[in-house]
Structures are given as C-alpha cells and as structure tokens.
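Each chain, letter by letter, is given below.
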Amino acid sequence: MSQQGYVTAPPYSQSQPRMGGFSAGFGPPNSSLHYGHYGDPNSSHAAPQPGMSKPTVPLGSSAPLGPLPPGTHQFSQNNFQSGASAAGQQPHRFQSPPPPNNTGPSYPPSSLHSQPASPHTASTSCTTQLANQLNSMQINSYGPSAIQSSHTSSGHPASFQGPQPLPLTQHQMALPPGPQIPPPANNFSGLCAQSSLPNMARQDGIPGSGLPNPNLQQLPGQTPGPGYHPQQGNYGPQMAGSQLSYPGAFPGGPAQLSGPPQKRLDPDSIPSPIQVIENDKSSRGGQIYATNTRGQVPPLVTTDCLIQDQGHASPRYIRCTTYCFPSTSDMAKQARIPLAAVIQPFATVPQNETPLYVVNHGEAGPIRCNRCKAYMCPFMQFIEGGRRYQCGFCNCINDVPPFFFQHLDHIGRRVDHYERPELSLGSYEYVATLDYCRNNKPPNPPAYIFMIDVSYRNINSGLVKLICDELKTLLDKLPSLLDQIPEMFADTNESETIFAPVIQAGMEALKAAECAGKLFIFHSSLPTAEAPGKLRNRDDKKLLNTDKEKTLFQPQVNSYESLARDCVANGCCVNLFLFPNQYVDIASLGLVTMHTGGTLYKYNNFQLNSDSPQFLTDLRRDIEKKTGFDAIMRVRTSTGFRATDFFGAIYMNNTTDVEMAAVDCDKAVTVEFKHDDKLNEDSGALIQCAVLYTSISGQRRLRIHNIGLNCSTQLADVYKTCETDALINFFAKSAFKAILSQPLKAVREILVSQTAHMLACYRKNCASPSAVSQLILPDAMKVLPVYVNCLLKSSVLTGRPEIPTDERAYHRQLVMSMGVADTQLFFYPQLLPIHNLDLKSDAVPAAVRCSEERLSEGGAFILANGLSMFLWLGVSTPPELIQGLFNVPSFAHISTEATLLPDLANTYSKKIKSIVEHIQNQKPYTMKLMIVKQREQPEMLFRQFLVEDKSIHGGASYVDFLCCVHKEICQLLN
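Residues numbered from 1 in each chain as written. Predicted model: local features only at pLDDT ≥ 70, side-chain atom pairs only at ≥ 80, totals over all residues. Heavy atoms only, no water.

- Per an unreviewed UniProt entry, the chain is named SEC24 homolog D, COPII coat complex component, and its organism is Gallus gallus.
- Per its UniProt entry, the chain bears the Sequence similarities (unreviewed entry) comment "Belongs to the SEC23/SEC24 family. SEC24 subfamily." (UniProt positions renumbered as here; feature names shortened; annotations may be inferred.)

And the structure:
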C-alpha cells in the first residue's frame, strides 16, 4: 500500500515550527501553526513538521431547504459496500467471526422521506446550493445482510474467547463534491458558517416513518407536532431564526427561495449514535468479555457486560483510540488517527467482577527488568528452563531471582502460571518495600482536613451550619467543635475572603503530621482580601473571539502554579466545593485542585432548601471514593514507540513522571504515543502503566495495568479497530489544553481538519472505488462527525457572551480528568422517553437521538449529561402521567421549582425514580433535576443539550456538519 498520502498537514499532535501568531486558515507550509501541547515550547520530544495547507471550503454551514436541482436522482436504496480493500491491497490476515443467529442488517434499511414545507426566507445562493446538495444526498441503507455482525451474538457462548477482528464495513452517502460551493471570502474561518434556517414543516409526532424506538409512538390525544410557539422573554434568540455564526459567517444577506415544496434530509438516514449504542448492547451486552487476546476491541462503554481479566487490563482501566497501531510513523502521519490510551487506574469494578489481587514478595519487593524497570507481567518470556526471562518491553535478558524460580511446562510456560497474578492477569497490585517510600520510612495513613469559608454570606445563608451538621454525622469525634463554629461566627460582618493561604495552612498541617491527605475546602467568593493569591474581577466579554481570549482560561497570578507544585510535592490533594453567586475566577481558584488530582464541585446561587441534597450527596460520595494518595504514575512501552503527552488532573515535573497528590476512581489520564521506530507486527505494541501510591490504610502499593495492542502495515486494520468514544476523549482533552495557548478559532479549525483528514485517508486508502459524491465512513468511525460537532459546540469552545466565563473554565477543568464513559455522556447526552414505560420491566427505556424532532407534545423525556438532568414535559402530556408523577391534576399545576420528584406510592412514580437513580449512580457528580415545561422560558436551557440540532449559540446541526466535513474531504481528495 502506498504510504504517500494526500495529507499535507502534520499529524494532529506534532509541534509546529515558529511559535508565533496564528493566521486565518492554516497558512503556507511554514505557517506558525501550533496546537496545545503540540506547540508547547517546553515540549522537548515533538519533532517539527511542515505546516498545513489552508482549506478553501467553509465548514458547518446550515442547510436551508430548496427544491431538487434538475437531473438529481432520488435517494438510492443500494446497500452499503462491504468495505473491500482498495485494489492491490493485501487481504486481511484474520477470518471474520461466525455470523450471529440473525444475519439481518445491523441497522434497519431506511429511506429518505420528503416532507412538504412552506417556502421561507433563507440565506444566500451559497446556502441555497448547499440545500440542493443536501436534498440530492444519497444515503444508502446501513449494514447489508451479507455483512456479518462485528461480534458474535449471545448464541455463541465463546464469543469473546478468540480474536475478534472486525469486518471492514463502511457507510456510503452520496453528496455532490465540495467544489460546487464557492469558497468563502478570505476573512472567514475555515469552518462552515450558519445562516438563518427556515422553519421546517412538522409532521404529527416524530418525523420520518421508521421510528427508532417503540416508545416514541404518538400518544392518544396528542396535538400535532413538536413545534414551539414563539418564546417570550429576553433569554436568547429563536432557534430557527438564529443568525449566529459557527464560527465564521457566510458573506451576503438573505435571499428568497421559491419553487415547489422543499425537501429535506431525513435524519434517520444518517449514522445514529443511539443505533450504534443499541447494536453493541444487543450483540455484546450481558456476555462475558475475556481479555485473553491482544488487540481485540472491547464492548462500548455504554454496554453492560462481565469482564474477565485473562492477561490484558480490563477496558474499565484502559481504553485505546485504536487497538491496532500503524507499523510506521509515516503511516501514522498519513492517517492522522491519534494513538492514545485513556487510563483510569482506580476505576470502580462491579461487585460481580474480581477485585485486584495483591502480590507480596516481602523484602525482595516487586521483580523488575534490569534495563527498562518494567514490572513482572504476562509479557515476560521465560527461557533456559525458567532460570532467565526476556523482557517484553526492551528485550533485555534477566536472571530470575532464586525465590521466584519455577520450572517450565512442555510449551515453555511456567507451571505456576495461573497461580501468580503477575504472570496471568493484566492488572494486579504489589506491596511496595521501603525503597518506594518517602525517606525510606513507611507512610502514615492519609488525613482529611475540612476548611470552611465563614464569611457573612455563608453564615447568613445557613451553608456553614449545613456543612457542620453533615460533618457531625461523618466525624463522630468532633461534634462539640462543629456545634460551636456557626455560633462563633454568627455576628460576623466580614465579606472579604482569602483563599491561597487556606490551602497553604492545610498543606503545612499535613506536612507537620508527615502524612498525605485531602483538603475539603468550602468557598463562595472571589478572594479580594489583601493576602497572597488575591484576585480581581477580570471577566471581560470584550476578549471573546480575540487572541486574548485564552487568558480567561489561564490563572490570573503565578502564585497558584507554585502553590500547586508545593501541594503535589507534599501529597496534599485539594477538593474544592464552590458556592458562587457571581464571578469567582475558576481558572485561578481551580488550578490547585486540577494539578493535585482533586475534584471541583460548583453550586451556582446555592439555595439551602433546593440545593442541599445535591451538595450533601457529592460530599458523602467524595469522602467514600476509593483513592490512592501521594501517587506517581509511569507509562512504559515496548520498543518502537513511547508516551509523549499526558492530559488529566496531574502535575508533571519532567517528561515521564505523572504526579498526583491523589487519584480517585473517577480520574483518568489520557496518554498520547508517538513512534520512534518501526513496530513489529509479531510482537505488537505493549503498554504498562504502573501507579505507586499510599492506600487509605497507609500501605505503600504499586498498581500495575498491562495491555497489548496489534500492529499492522495495512491502514484498514488501524481504522477497523478504532474506538470513537476514546477518540473524542482525546480530542476534547487536547483541544481544551490547546486553548490555553491558541485562539479558539484555530483550535476549532484544527479539529475539523483532523476529522476530515482521518476520513479522507480512509476513503483514499481503504475504501472500494466509488463516485466522488459518496461520503464513505469507516464502520468504527461512522458517528465520529456527530461527536466532533458536539465537541465544537461545547461551551468551552464557543466564545459567546451569554455563556459565563466561570462555566466554561469549570467544564474545561472537569473534562480534563474524565474517563471515556463520562466524556461520551457529556458530549452526547442521554435522552430517554418515559411516557410509554413498561412498568413491569426493570429495564431503562432505550434512548432516542438528541434532537427536538424526537420530542412530542404528548411525551415526557429525561435528559442527562453527567452534570445536568432535565425532565421535559410536553404540553399534551397525559393527565394520568402527570397525576402519577407529581400528584397534581394537570400540566398547568406542575411546579417547575422542585428539584426532586415527590415520593409517591404508585408504580409509575417508583419506576421513574428508579430510572433517575440508575442514571445517577453511574456518574461521579450528583445531577440536580430541573423540571422543564414545553414552551416555557427554561426550555431554552434544555434545548442547548439537544446536540444534533443547530445551537442557539451558533453551532451547526449534525446534518449540516456532516455535509461540511464531506466537502472538506472532497477538497483533500481533489
């Protein structure tokens, strides 16, 4: 296969020459493009690469609906091609898995349905052309029956015992090639612009005939359509008429669309994240997934299954962006798929899975390779009758210590192989010796220190009393002091607060006690008192969409950086509970929390009655979390590649040691890898993550996770084993790191360019030949565009004056330490219909796509993204549902002030509360429930979470973004 690609841009994470300003687009080959860690002046390991070529097509433009252009064919119903290799490509090395019991299509074949729509004002001729192209878009049905399912079904008990190579399926959608759209003027960004979107005609209930979910049938007594009457109030523009740009804008003004009734693209005909999730659940849910094969792709994070460790770490601990690395750096540069692992070393394991075994070699300590210091693991090969072993990472030959000697069996494996966790399992722990302790002394058990802001507002609001009352139940030895605190400060008039000296005092206390630990700080305002770390209000909306916008995400003063460094050095983790009612500069206050592995909680405009349950649940959970203290993590790799960049709630003094004052079960570190030589297909790519930490009982331990990936000289193998959820975790973290040093516009452009390059490389090198108008997506990445669009529309990457700066800084900090499951839900929320529940079943209803079109006036839906939860009620919600849930007679009587559902004895209420609890129990943050009634003001907030639609802040709809990515791909291929 040719490794000369069309790719003129450097790989996503290469640093760029000359760290100067950033020109619009990508500039000439020597442009000064840099992206986060790729252009980090402190980064000593990334080699400079040539610059990127400037895209000439706008991305993300909305699609007003126009008549079909003359000669356009109707939507074709041909099946997707099965993804045969390009001509001359080597055949795949593995046979496909056996077919499942039903070999029908993995997606229901769907067609595009025309809908009448009255002509409306639209944008310029550019946009009209795009509309015509959308209308002529051919999208073939998903998954022909000839293609076997990616994974065997439950009819095959040994479904995960052997290799699970995926058949190289692909999706084709015919769109006219990109060049038909005129390029934007030079002063516009390379992303697709938004124009005013005409109102669409609505059908009763849900548009399209093939309802993805039986729960979405139209309800009796439902009035037609999920349309919304004009909103009242000053809380934002109308969705349909929004003129906001994303992130550029089309030149020219509105024009009239005339002609016959307009057609529009049926959203059911483009790849659905929900369908992908449901397909994986049906083929792999409830089964045993054994980790006995190198490079196998695990079930999705959304699929419940039982994981058996048989030599590689569970996907609960490590997930990768691809489970087959390209053999050479040239291939990696060509495909531009980030090579990364998301490591959650203390991930919670369900009760029906085995907890980690602890290995104790006494004073001898863990066995390690003499050269690379890798720990004994299943990748070590025993030789010479068991007297020596070859390291799987560096190939060094080591002597086996006498106490560890064991004979080999007839296949060269130690006879005690299955009796030793470090030889047969992917994850396990070692008891560490004094060599691994500070000052060669055993550590003291970690301590918790609670630090309460007792300023006037917190005393007056009752917050201080609430905290003290709760701590009394948690700390039975301190009740008298906790009773006295609210009384001691009852008459305070002090409104100014300090912050940095509080952390300093807590750290010094831990240092004096010679132990690691956690500070729980409860704080509510900007620290304006004269003291170290004093801050001013610098929230300046004029900086948005300028080169100085990045300063809003950077700490205001340097003292917080040095304070974070001292805290990490002393094993002091800082948890911060914020109760702001105005700007508090989270970019500064949260810095120490982020670098010490702590957690940031925020409760805006805290009200004792409505917000206490959320806060108290968060506090209790945090105290009970499984946590490693005073931790240091090292990631080792086999020869040919190495870890180059790390993202997370971490601190790094050098390029290899990831330091964390604490690391809990919800924190994940995303690690990027680069080639430094050719990888061997036979030996694969091996990764070992070792975390040295102090347990809550004061024992020094090492937690080891090992995983082996495949390597291939065929790009098709790399694409076939990609994991979209892990890719989005990587893209989000690298982009959120990049905004500290680059303009947001540049970061957004690079994200779109990266997406287009990955898909164009697949099209050029792996897909069967087809017309240029076909959009071809690799099966494993078919929903990548919708997730990338969700990331682009996130508050962090959307510089809009309506979005508070603190909210953006808060989301940025949270995402930086999230694992794959949490970023998946955060960027694509779960939308559950609850109006047609099967009350006899324990199952949670299947989710529907995050779009206004899935709502219905007679329906009720729960939406959750891990931080927020909404209960949306249509105006025609059946009275019996309202009565069962709220104990009131009608829609008009529902109060939207409540943040908890009432405890009622009926079956319906119990079922909904159990669903809410189920969603809540899987996530680290307690989500406060917001009740939203259709056509009332709070609905504007709810609609921001319908991520497949055009955003009120100017983000493109999924359909529009898909068209724009396709045009970008066409540009690259041409």
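### Brief notes about the pattern of salt bridges
Here is step 1 of the chain: In total, this model carries 38 salt bridges according to the counting rule given.
Here is step 2 of the chain: The partner of Glu422 in a salt bridge is Arg420, with the nearest N and O atoms 3.6 Å apart.
Here is step 3 of the chain: Linking Glu857 and Arg935 is a salt bridge whose minimum nitrogen-to-oxygen distance equals 2.3 Å. Of this pair, Glu857 sits in the loop between β26 (830-833) and β27 (860-864) while Arg935 is found in the loop between β29 (928-933) and α20 (939-943), placing the two residues 78 residues apart along the sequence.
Here is step 4 of the chain: Of the residues examined, Glu857 reaches a relative accessible area of 4% and is grouped as buried.
Here is step 5 of the chain: Linked by salt bridges that have partners in common, Arg414, Asp416, Arg420 and Glu422 make up one network. (Salt bridge = Lys/Arg side-chain N within 4 Å of Asp/Glu carboxyl O. Helix = DSSP H or I, 4+ residues; strand = E, 2+ residues; numbered from the N terminus. Buried < 20%, exposed > 50% of the residue type's maximum accessible area, 1.4 Å probe, protein only.)

### A look at the sheet that holds strand β28 (residues 868-873)
Here is step 1 of the chain: With respect to topology, 4 strands assemble into an open sheet ordered β26-β27-β28-β29, the strand pairing being mixed. At either end of the open sheet lies a strand with only one pairing partner, and these are β26 and β29. Sheet twist, expressed as the average angle between the axes of neighbouring strands with direction ignored, equals 20°.
Here is step 2 of the chain: The sheet contact formed by β28 and β29 spans 6 bridges and is parallel. Looking at the pairing, Leu873 lines up with Lys933 of β29. (Pairing = 2+ DSSP bridges. Axes fitted to C-alpha atoms, helices over the stretch in contact; angles between N-to-C directions.)

### Quick notes on unusual backbone geometry
Here is step 1 of the chain: Not every positive phi belongs to a glycine, and Arg336 is a case in point at roughly 60°.
Here is step 2 of the chain: Positionally, Arg336 belongs in the loop between α3 (329-335) and β9 (340-343).
Here is step 3 of the chain: With a phi close to 45°, Asn605 is a non-glycine residue in the positive phi region.
Here is step 4 of the chain: With respect to the element layout, Asn605 can be found in the loop between β18 (600-602) and α11 (608-624).

### A look at the environment of Ser683
Here is step 1 of the chain: On the secondary structure map, Ser683 appears in the loop between β22 (669-675) and β23 (685-694).
Here is step 2 of the chain: Measuring from C-alpha to C-alpha, the distance between Ser683 and Thr639 comes to 9.8 Å, with 44 residues separating the pair along the chain.

### Remarks on the confidence of the model for the chain
Interpreting fine coordinate detail is not advised for predicted regions of low pLDDT.
Here is step 1 of the chain: Looking at the chain, the pLDDT average stands at 79 and 73% of residues meet or exceed 70.
Here is step 2 of the chain: Every residue in residues 1-167 scores below 50 in pLDDT, and together they form 476 contacts with partners more than four places removed in sequence or on other chains.
Here is step 3 of the chain: Below a pLDDT of 50 lies the segment residues 176-262, which in the model reaches 261 contacts outside its immediate sequence neighbourhood of four places, other chains included. (pLDDT = per-residue confidence, 0-100. Contact = heavy atoms within 4.5 Å.)

### Description of empty space enclosed by the protein
Here is step 1 of the chain: For the structure shown, the criterion picks out 8 cavities of 30 Å³ or more.
Here is step 2 of the chain: Size it by volume and the largest cavity reaches roughly 150 Å³.
Here is step 3 of the chain: Lining the largest cavity are 16 residues, and of these Leu814, Met818, Asp822, Pro924 and Tyr925 lie nearest its centre.
Here is step 4 of the chain: Broken down by element, the lining of the largest cavity gets its largest block of residues, 3 residues, from helix α17 (residues 820-827).
Here is step 5 of the chain: For the lining of the largest cavity, a count of residues per class yields 7 nonpolar, 4 polar and 5 charged.
Here is step 6 of the chain: By volume, the second largest cavity is sized at about 100 Å³. (1 Å grid on protein atoms, 1.4 Å probe; cavity = no way out; pocket = protein on both sides within 12 Å on 5 of 7 lines; lining within 4 Å. Points joined across faces, edges and corners; volume = space filled by probe spheres on them. Nonpolar A, V, L, I, M, F, W, Y, C, P; charged D, E, K, R; others polar.)

### Here we look at helix α10 (residues 586-595)
Since one α-helical turn is 3.6 residues long, residues separated by three or four positions face the same way.
Here is step 1 of the chain: Counting buried residues along α10, 10 of its 10 residues qualify, which places the element largely inside the surrounding structure.
Here is step 2 of the chain: Residues of α10 that are buried include every one of Ile586, Ala587, Ser588, Leu589, Gly590, Leu591, Val592, Thr593, Met594 and His595, and no others.

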